[in-house]
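Topology and contacts: notes
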There are 2 protein chains.
Amino acid sequence: MSATFTAAVINAIRKELAVGISEQTPLSQTIGYRLIKVGEMVMETAEQVLAPTGIKPRHFNVLSTLSVDATLSQRELSTALGIDPNVMVDLIDELERQGFARRERSPVDRRRHIVVVTPKGKAVLTKAQAAVNEAEERVLGVLTSDQRQVLFEAAGVLLGLAPVPRAG
Amino acid sequence: MSATFTAAVINAIRKELAVGISEQTPLSQTIGYRLIKVGEMVMETAEQVLAPTGIKPRHFNVLSTLSVDATLSQRELSTALGIDPNVMVDLIDELERQGFARRERSPVDRRRHIVVVTPKGKAVLTKAQAAVNEAEERVLGVLTSDQRQVLFEAAGVLLGLAPVPRAG
DNA sequence: TATTGTTATACTCTATAACTATA
DNA sequence: TATAGTTATAGAGTATAACAATA
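Let me begin by describing the structure that accompanies this report. (Residues numbered from 1 in each chain as written. Chains lettered and ligands numbered in written order. Predicted model: local features only at pLDDT ≥ 70, side-chain atom pairs only at ≥ 80, totals over all residues. Heavy atoms only, no water.)

**So, the overall build of chain A**
Counting its regular elements, chain A contains seven helices and two strands. Ordered by position from N to C terminus, the α and β elements of chain A give α-α-α-α-α-β-β-α-α. (Helix = DSSP H or I, 4+ residues; strand = E, 2+ residues; numbered from the N terminus.)

**Focus on the protein's contact with DNA strand D**
The local shell around DNA strand D holds 17 residues, among which Gln74, Arg75 and Arg103 of chain A together with Arg58 and Asn86 of chain B are the closest. Arg103 of chain A places a side-chain nitrogen or oxygen 2.7 Å from a phosphate oxygen of DNA strand D. One of the side-chain nitrogen or oxygen atoms of Arg58 of chain B is found 2.7 Å away from a phosphate oxygen of DNA strand D. When contributions to the surface near DNA strand D are tallied by element, the ones reaching two or more residues are helix 4 (74-81) and helix 5 (85-97) of chain A. No other element matches the three residues that helix 5 of chain A contributes to the surface near DNA strand D. In the surface near DNA strand D, the residues fall into two nonpolar, five polar and ten charged. (Near = heavy atom within 4 Å. Polar contact = N/O pair within 3.5 Å; in protein donor to acceptor, adjacent residues only side chain to side chain. Nonpolar A, V, L, I, M, F, W, Y, C, P; charged D, E, K, R; others polar.)

**Remarks on the relation of the copies chain B and chain A**
Relative to chain A, chain B is turned by 180° and slid 0.0 Å along the rotation axis, the superposed coordinates differing by an RMSD of 0.0 Å. The transformation relating the two chain copies, once decomposed into turn and shift, fits a two-fold axis. Within chain B, the C-alpha atom positioned nearest to the axis of rotation is that of Gly39 of chain B, 2.4 Å from it. Residue by residue, 100% of the interface of chain B is reproduced at the interface of chain A, so both copies engage with the same surface. (Least-squares fit on C-alpha atoms with pLDDT ≥ 70 in both. Contact = heavy atoms within 4.5 Å.)

**Here's the deal with the protein's contact with DNA strand C**
Around DNA strand C, a shell composed of 16 residues is seen, among which Arg58 and Asn86 of chain A together with Arg75, Arg103 and His113 of chain B lie nearest. Considering DNA strand C, the proportion of its atoms within 4 Å of the protein that are sugar or phosphate atoms stands at 69%. Here a phosphate oxygen of DNA strand C and a side-chain polar atom of Gln74 of chain B are 2.9 Å apart. Arg111 of chain B places a side-chain nitrogen or oxygen 3.1 Å from a base oxygen of DNA strand C. Among the elements of the structure, helix 4 (74-81) and helix 5 (85-97) of chain B are those that each provide at least two residues to the surface near DNA strand C. Its residues placed into classes, the surface near DNA strand C shows one nonpolar, five polar and ten charged.

**Quick word on the interface of chain B and chain A**
In this complex, chain B contributes 58 residues to the contact, which on the side of chain A involves 59 residues. On inspection of chain B and its partner chain A, the count reaches zero salt bridges. The interface formed by chain B and chain A holds six residue pairs in polar contact (both at pLDDT 80 or more) in total. When residues of the side of chain B that touches chain A are traced back to their parent elements, those giving at least two are helix 1 (2-19), helix 2 (31-50), helix 3 (57-66), helix 4, helix 6 (119-139) and helix 7 (145-158) of chain B. Per-element accounting of the side of chain B that touches chain A gives the leading share, twelve residues, to helix 2 of chain B. Class assignment for the residues of the side of chain B that touches chain A results in 33 nonpolar, 17 polar and eight charged. (Salt bridge = Lys/Arg side-chain N within 4 Å of Asp/Glu carboxyl O.)

**A few points about helix 3 (residues 57-68) of chain A**
Spanning twelve residues, helix 3 of chain A covers 17 Å between terminal C-alpha atoms, matching the ideal 16 Å at 1.5 Å per step. Counting buried positions along helix 3 of chain A yields nine of twelve residues, so the element is predominantly enclosed. Among the residues of helix 3 of chain A, Pro57, His59, Phe60, Asn61, Val62, Leu63, Ser64, Thr65 and Leu66 of chain A are the ones counted as buried. Summarising the contacts, the buried residues of helix 3 of chain A are in contact with helix 2 (31-50), helix 4, helix 5, strand 2 (113-117) and helix 6 (119-139) of chain A together with helix 2 of chain B. (Expected span 1.5 Å × (residues − 1). Buried < 20%, exposed > 50% of the residue type's maximum accessible area, 1.4 Å probe, protein only.)

**A look at the nonpolar core**
Of all hydrophobic cores here, the largest spans 32 residues; its most connected members are Val38, Leu151 and Leu158 of chain A together with Val38, Leu151 and Leu158 of chain B. Apart from residues lying up to four places away in sequence, Leu151 of chain A is in contact with Leu143 of chain A together with Ile31, Leu35, Leu151, Ala154 and Leu158 of chain B. (Core = buried A, V, L, I, M, F, W, Y, C linked by side-chain atoms within 4.5 Å.)

**Comments concerning the packing of aromatic side chains**
With the rule as written, the count across this model stands at zero aromatic pairs over all chains. If you follow Arg34 of chain A out to its NZ or CZ, it ends over the ring of Phe152 of chain B, 3.7 Å from the centre. (Phe/Tyr/Trp six-rings, centres within 6.5 Å; stacked < 30°, edge-to-face > 60°. Lys NZ or Arg CZ within 6 Å of the ring centre and 35° of its normal.)

Next comes the structure, spelled out in structure tokens:
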């Protein structure tokens, strides 16, 4: 039921996007244009499936990153996620307003604001992660597992990421 | 020389993007996040390699689309490219100001503005196309041809495009 | 009545620089 | 001096609705 709703949302997005990339234009036959449109589609999907949880992709990214390293400061989050520090201020403000995180002064360097995820923040992350996982499964479900693997690796190469950072 | 400059630009973009997607975050291990970042990288690359020609990706898209069907109206361009009609107004305004295109009333339906590409517009499209081709070759050059093929097809599937619209 | 193009408006995003407090 | 965070501001981009001309 929640799954059905998600599927409907994703199909609507794909349909909408497909119109915007009709074969009327030669651009649709270039890899570059397709990659841009796919990125937009994935972002739109993320926004829509996260909406019911009350957070946006950026908040999700912050919470997700903090779930692995809980000692990151605003500055470190900014550089890790490619978000400008002044934008990060508003982001953390919003997370604080919603009770999902709070700022704590670092004892060793009082300039730094460590961002601490609250239990409520952890709960919303769990829900959001499930929604994202389900959406990803659904969106990429039209691909073969070989295609998905190549997509993952090729994107990593394009972004200059180390291949398989954590083996086995 | 122009080629060297392009390579430097692209490497700079990849480096910048790579920072924004460091392995500090578990997001970098998801296909979705990678696809979003790849799309952003491709878009940034397009903007930078087109800059010397005086046009932006959207102007390029319009000119490119018109080069295949020269009878399109603003409305048709809007839907084909997924750009809002009110945005298309400014876009065509800019192309007119630069002497790359002009509006002509359709004789059969005077509401429609057919967008006509001028010789100057065709010239800039040729230059822009060359710049885009070279950039694409350079950016995707780090991939194997198998990877590129899968990327192209998988992106097409994700966007709901017909496979191989023009065979042979 | 409906559609094409246009204009106006408000809203969101982003980029830049200045400011503070700490180091 | 340099850095972390904050604030202010301006610019770009986007979405919405209203409007005139035409169908």
